[in-house]
Amino acid sequence: MFYDSMIKTEKSDDMYEAWQEYREELTDTILSYIEGYHIKRELLVNKNIRLSRDYGIKDVVAKMDKKPVLAIWGAGGCNDIDVKKLSKYFKLVLIDHQLDVVTEVIKRFNLPQDTAAMDMKFWDVSDDEYRMFEALLADGEPEEIKDYVEEISNKMPVYNLGIEKLFDYSVVIGLASQLNARFMALAQKYQNIDLDYMAGLVGDMNKKAVDALWNSVSTMTKNLVIYGYEADYLDKSTNEYSMEELSYNKEHVNEEAEEKIYLGEIPYWIDENLTHIMGSRELERKIKSAKETEDYNIISNCRSLIWNFTIRKSYLMLMVALER
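Notes on the structure follow. In this text the structure is predicted, and so the values were computed from the model without any measurement. (Residues numbered from 1 in each chain as written. Predicted model: local features only at pLDDT ≥ 70, side-chain atom pairs only at ≥ 80, totals over all residues. Heavy atoms only, no water.)

### Digging into the environment of methionine 198
What counts is decided by this rule: Secondary structure elements follow DSSP: runs of H or I no shorter than four residues count as helices, runs of E no shorter than two count as strands, and numbering proceeds from the N terminus. Residue contacts follow a heavy-atom distance rule, with two residues in contact if any of their heavy atoms lie within 4.5 Å.
Structurally, methionine 198 is set in helix H9 (residues 195–220). Considering only alpha carbons, one finds methionine 198 and leucine 213, 15 residues apart in sequence, at a separation of 22 Å. Once residues within four sequence positions are removed from consideration, methionine 198 is found in contact with Phe133, Leu137, Ile145, Met184, Ala187 and Ile193.

Written as C-alpha cells, this is what we have:
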C-alpha cells in the first residue's frame, strides 16, 4: 500500500543541517516569549516601569525552586527546534503519537534524565485506520469514504488527563496542519475522488482535531502557550510567488503585529483569518476567539519567521504567544 511507503518519508533527520538557521531563530523566539512573560510579571510585582538590569531566562529559572516544565507538542524528531539548548533551562516533555521517535530524540541529543516522552492521544488515528481509508479510496465510493471519515472523527474520546496545569509552558509548532494531513496526502495520490470533496471532509475533521488539540493544551498548561503555524507558503516550482514577496510579507506582518500587540489588539492577519493552509486556518480562528472564550487573557507576542522547509518550499510561520 502507498500509506506504508508514505510514512517512511516523514522522517526529517536528514534536514537537520539545512534547518539550522530556522531552528536557532525559532528557539530564540520561544525563549524571548517566555522571558517577556516573566519580565511583565516582575514589573507588576515590584510596581516598576522598567527593570534595573537585564533580566533573561537564566534569571527566570534562578528564581524558581526547580526547573519549570516546557511541553513540546508534536515534537517528532526535534530537527526544527533546539531541545538541547532548551533543556538547560526547562524540564522538557516531548509529546508525540510516535513514542519511539521522541524516545530516540532523548538519546540522540543526550538530553537530561528528567526529560519525559508522552503520547497524549488527543487525536488518535491508527495505522490500520489509515490503511482502511486507503482501501476505500481505491474503491472510489464517496459515501463510504464520508461515512468512514465521520466514524473516525466521532469515535475520538474526550480524555480525562487526570492532572490539570501540569506544564508551565507549552510550545505547539506546525502541528495543527499535520493532524489530518495524511488523509489529504492519500487522496491526492489516488485522485479518483474529487479533491474538493475530500478537502471538505478533511476540513470538518480539522475543526474537531484542532478543538481537541486546543482543549488538551489549555487544560495542561499553566502560564504561556506558544503556537506556531504555517500562515503562507512559497512553492518554488511555480512562478506565482517569489521569495522577495514572502520576505516582504514577513516584515509587514511583524511591523503591523508589533503595533497591534502594543495597543492590546488582535494582529490584522489573525483578525482577518488570512491563512488558507488546512489545519492552520482552523487554529488561527481559535486564537482569534481565545479571549472571548476566556481561555487566555491576551495575545502577548506575534511575529513571523521564514522556514525554508525544502529546496522547493518555504513557509511563513506565525508565532503567537497566549498568556493566562
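### As for the sheet that holds strand S2 (residues 91–95)
As a reminder of what qualifies: Strands pair, by our definition, only if DSSP identifies at least two bridges between them. Axes here refer to lines fitted to C-alpha atoms; in helices the fit is confined to the stretch in contact. Angles between the N-to-C directions go from 0 to 180 degrees.
With respect to topology, seven strands assemble into an open sheet ordered S3-S2-S1-S4-S5-S7-S6, the strand pairing being mixed. Taken across any chain shown, the strands that pair with only one partner, and hence form the sheet edges, are strand S3 (116–118) and strand S6 (298–308). Each adjacent strand pair in this sheet contributes to an overall mean axis angle of 20 degrees, direction not counted. Relative to strand S7 (residues 313–323), S6 runs antiparallel, the two being bridged by 10 bridges. When the bridges of S7 are listed, arginine 303 appears paired with methionine 319. The sheet contacts of helix H5 (residues 99–108) involve S2 and S3, and relative to S3 the element is tilted by about 170 degrees.

### Regarding the packing of helix H8 (residues 181–190) against H9
The condition is simple: An angle counts as roughly parallel when it lies under 35 degrees, as roughly antiparallel when it exceeds 145, as roughly perpendicular when it falls between 65 and 115, and as oblique in every other case. For this classification, the nonpolar set comprises Ala, Val, Leu, Ile, Met, Phe, Trp, Tyr, Cys and Pro, the charged set comprises Asp, Glu, Lys and Arg, and every other residue, Gly included, is treated as polar.
Between H8 and H9, the least distance of the axes is 10 Å, while the angle of their chain directions is 170 degrees. By the criterion of interaxial angle, the relationship of H8 to H9 is roughly antiparallel. Counted together, Phe183, Met184, Ala187 and Gln188 of H8 and Leu195, Met198, Ala199, Val202 and Met205 of H9 form the full contact between these two elements. Residues belonging to the contact of H8 with H9 are distributed by class as follows: eight nonpolar, one polar and no charged.

### Regarding the packing of aromatic side chains
Quick reminder of the rule: The pairing test for Phe, Tyr and Trp rings, Trp by its six-membered ring, is centres within 6.5 Å, and the orientation test on the planes gives stacked under 30 degrees, edge-to-face over 60, and tilted for anything in between. Note on exposure labels: buried denotes an accessible area under 20% of the residue type's maximum, exposed denotes more than 50%, and partly exposed covers the range between, all computed with a 1.4 Å probe on protein chains only. The rule for a charge over a ring is simple: NZ of Lys or CZ of Arg within 6 Å of the ring centre, and within 35 degrees of the ring normal.
Inspection of every chain in the model, using the stated rule, returns 16 aromatic pairs. Summarising the aromatic geometry, the rings of phenylalanine 133 and phenylalanine 183 are spaced 4.9 Å apart at their centres and angled 80 degrees between planes, so their arrangement reads as edge-to-face. Of this pair, phenylalanine 133 sits in helix H6 (residues 127–139) while phenylalanine 183 sits in helix H8, and the two are 50 residues apart along the sequence. You can call phenylalanine 183 buried: its relative accessible area is 0%. Judged by centre distance (6.4 Å) and plane angle (50 degrees), the rings of tyrosine 233 and tyrosine 315 are tilted. Taken together, the residues span a long stretch of sequence, with tyrosine 233 in strand S5 (residues 221–235) and tyrosine 315 in strand S7 at a distance of 82 residues. Assessed through its relative accessible area of 15%, tyrosine 315 is described here as buried. Put simply, the rings of Trp19, Tyr22, Tyr233, Trp307, Phe309 and Tyr315 pair up and form one aromatic cluster. In this structure, arginine 23 packs its charged tip against the face of tyrosine 16, placed 3.7 Å from the ring centre.

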